[in-house]
Amino acid sequence: MTEDARVTWLYAVTAGRDERGAPPDLTGVSDEPVRLVENAGLAAVVGSVPLADFGEEPLRAHLEDLPWLERAARAHHRVIGRAAGYGQVIPLRFATIYHDDDRVRTMLRERRDDLTATLARVAGRTEWGVKAYVDPRAFLPDPADDEASGDDSPGTAYLLRRRAQRDDKETAHLRATERAEEVHTALTALAAASAAHPPQDARLAAYEGWMVLNNSYLVPDDRTEEFTAAVTGLGERYPDFDLEVSGPWPPYSFTAPPEAEEAL
Amino acid sequence: MSQGADWNVPSRRMGGPPEPASRESASLADILERVLDKGIVIAGDIQINLLDIELLTIKIRLLIASVDRAKEMGIDWWEHDPTLSSGARDVLDENERLRRRVGELESGPGADREPERDQGHERGRGRGREDGP
């Protein structure tokens, strides 16, 4: 391999594009032009990226660099989003890299059946994210219940108070989680599928309080309005819940085969 | 797909107070949890274990940083996180130890633990607990 050797980064798989080609003027994780590699009636949205940056060792180092990771993750997402504007896509996990285009063609041929089935499964459906934030104080038990008995010494009373505060937070968390489950159940009724994400890091996501719901819903496109109206309605019904919708997203959360999810 | 045009992924809140303006059209956290944790997995030629990256960069490293901030806000939700709950047990154990210690101090004669007060002129204040707030 020479120093300017390049490898093939995959963004997404779509149905074959025929004459339409890749989205124009689109660049990827290394500012490289994005193009299509086609085979077996499918097209991979790819870019050629330098091995010096995207070989195993340099890539591992880059991934521990949050500014680098942010730039590349946003670029990966941008390409998938643009490609989705041209037709149904299957987003690929970040950092799916082949030595060359021939290896990509081989993969498309070998996995044609399951990729085609996945495209069909998400067709006409769109991923929406729904988060719920709560102020823990809104879910604390009645403070009157917390009063320690007057017979206790100040030291004991202090420790009992500390313990009660901890118990109260546990109770508040339980109450908020139960409410989140109600919201989830209501939204699931309108979705073809749902996927749960862990609560996001409060610093990375810049929020206060608790994120008690962070789910994705695969919603049929003819129910989009019904779905967003349902979120609005739930927000009005539960004023202590700060609900946030994100989307439309390419179907990131709904294209992994079920057995792969089990393996996690 | 009905949207047709580009997917710029706005996010908006339903009800509740208005959101601070700092939020980007698609948050980094939203993008990272999808591109690193979701999306179809196809074994490429160059293998990187993103699970390592996700844990190190996003969960552990930033979580540690966020703990101080959460403490300032009086929130100790991580004590309820099953992956972190050993800390909660430590706190409960320490709490129990402290309670026992306080109990000993309050019930015992206490003089031998307060040598400065042996002079007698502070006797009226006792151990001070009757005067507590």
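Quick notes on the overall build of chain B
Of the regular secondary structure elements, chain B holds three helices and one strand. Counting from the amino terminus, chain B carries its helices and strands in the arrangement β-α-α-α. Expressed as a percentage of the 133 residues in chain B, the buried residues total 17%.

What about the overall build of chain A?
What chain A contains, in helices and strands, is nine helices and eight strands. What you see for chain A is a C-alpha radius of gyration of 24 Å, clearly larger than the 18 Å of a compact globule of 264 residues, by over 25%. Seen through its principal axes, chain A has C-alpha atoms that stretch 80 × 45 × 35 Å. The proportion of buried residues among the 264 residues of chain A is 42%. Summarising the internal contacts of chain A: among those between residues at least 6 apart in sequence, 75% fall at separations of at least 24.

Side note on the pairing of strand S7 (residues 210-220) of chain A
Residue and element names in this part refer to chain A. The buried fraction of S7 is high, at ten of eleven residues. Summarising the sheet, strand S5 (residues 125-134) and S7 pair through ten bridges and their orientation is antiparallel. By the bridge assignment for S7, Val134 is matched with Trp210. In this sheet, S7 lies alongside strand S6 (residues 193-196) in antiparallel orientation, the contact comprising four bridges. By the bridge assignment, Ser194 is partnered in S7 with Tyr217.

Some details on the nonpolar core
All names here are of chain A. Counting residues in each nonpolar core, the largest one holds 83 residues, and the members touching the most others are Tyr11, Ala12, Ala44, Val45 and Ala132. Here this core takes eight residues from helix H3 (residues 66-84), the largest share from any one element. Each residue touching Val45, except ones within four places of it in the same chain, is listed here: Tyr11, Ala12, Thr14, Ala22, Val34, Leu36, Val79 and Ala83.

Looking at the packing of H3(A) against helix H1 (residues 28-35) of chain B
Packing of H3(A) against H1(B) leaves a shortest axis separation of 10 Å and a crossing angle of 70°. On the basis of their axis angle, the class for H3(A) and H1(B) is roughly perpendicular. Listed contacts from H1(B) to Glu70(A), Ala73(A), Arg74(A), His76(A) and His77(A) of H3(A) are Leu28(B), Ile31(B), Leu32(B) and Val35(B). Here the contact of H3(A) with H1(B) is built from residues that sort into five nonpolar, two polar and two charged.

Points about the domain arrangement of chain A
Residues and elements named next belong to chain A. Split into domains, chain A comes out as domain 1 (6-123) and domain 2 (126-263). Look at where the C-alpha atoms of domain 1 and domain 2 centre, and you get two points 33 Å apart. Contacts between domain 1 and domain 2 engage nine residues on the former and seven residues on the latter. Elements supplying a minimum of two residues to the side of domain 1 that touches domain 2: H3, strand S4 (89-98) and helix H5 (112-122).

Digging into the sheet that holds strand S1 (residues 6-15) of chain A
Residue and element names in this part refer to chain A. Pairing is antiparallel across the open sheet formed by four strands, whose spatial order is S2-S3-S1-S4. Only two strands of the sheet have a single neighbouring strand rather than two, namely strand S2 (35-39) and S4. Averaged over all pairs of adjacent strands, the angle between strand axes in this sheet comes to 30°, irrespective of strand direction. Relative to strand S3 (residues 42-50), S2 is paired through five bridges, and the arrangement is antiparallel. Within S3, the residue paired with Val37 across the bridge is Ala44. Together, S1, S2, S3 and S4 form the strand contacts of helix H4 (residues 101-110), whose direction differs from that of S2 by roughly 50°.

Topic: the environment of Val49(A)
All names here are of chain A. Mapped onto the secondary structure, Val49 falls in strand S3. The exposure class of Val49 is buried, given the 21 C-beta atoms found within 10 Å. Beyond its immediate stretch of four places on either side in the chain, Val49 contacts Arg6, Val7, Trp9, Val29, Ser30, Glu32 and Phe54.

A closer look at the confidence of the model for chain A
For chain A, mean pLDDT is 88; residues scoring 70 or higher make up 92% of the total. Across residues 259-264 of chain A, where pLDDT falls below 50, the model places two contacts with residues more than four positions away in sequence or in other chains.

Concerning H5(A)
All names here are of chain A. Considered for burial, the residues of H5 that qualify are Leu115, Thr118 and Val122. Viewed end-on, H5 has its buried residues packed into an arc of 60°, placing them on one side of the element. The exposed set on the far side of H5, more than 90 degrees from its buried face, consists of Asp113, Ala117 and Ala120. Elements that come into contact with the buried residues of H5 comprise S1, S3, S4, S5 and S7.

Procedures and definitions
- Residues numbered from 1 in each chain as written.
- Chains lettered and ligands numbered in written order.
- Predicted model: local features only at pLDDT ≥ 70, side-chain atom pairs only at ≥ 80, totals over all residues.
- Helix = DSSP H or I, 4+ residues; strand = E, 2+ residues; numbered from the N terminus.
- Buried ≥ 20, exposed ≤ 12 C-beta atoms within 10 Å, placed from the backbone.
- Rg over C-alpha atoms; globule rule 2.2 N^0.38 Å.
- Contact = placed C-beta atoms within 7 Å.
- Pairing = 2+ DSSP bridges.
- Core = buried A, V, L, I, M, F, W, Y, C linked by C-beta atoms within 7 Å.
- Axes fitted to C-alpha atoms, helices over the stretch in contact; angles between N-to-C directions.
- Parallel < 35°, antiparallel > 145°, perpendicular 65-115°, else oblique.
- Nonpolar A, V, L, I, M, F, W, Y, C, P; charged D, E, K, R; others polar.
- Domains from an automatic or database assignment.
- pLDDT = per-residue confidence, 0-100.
- Arc of directions from axis to C-beta.

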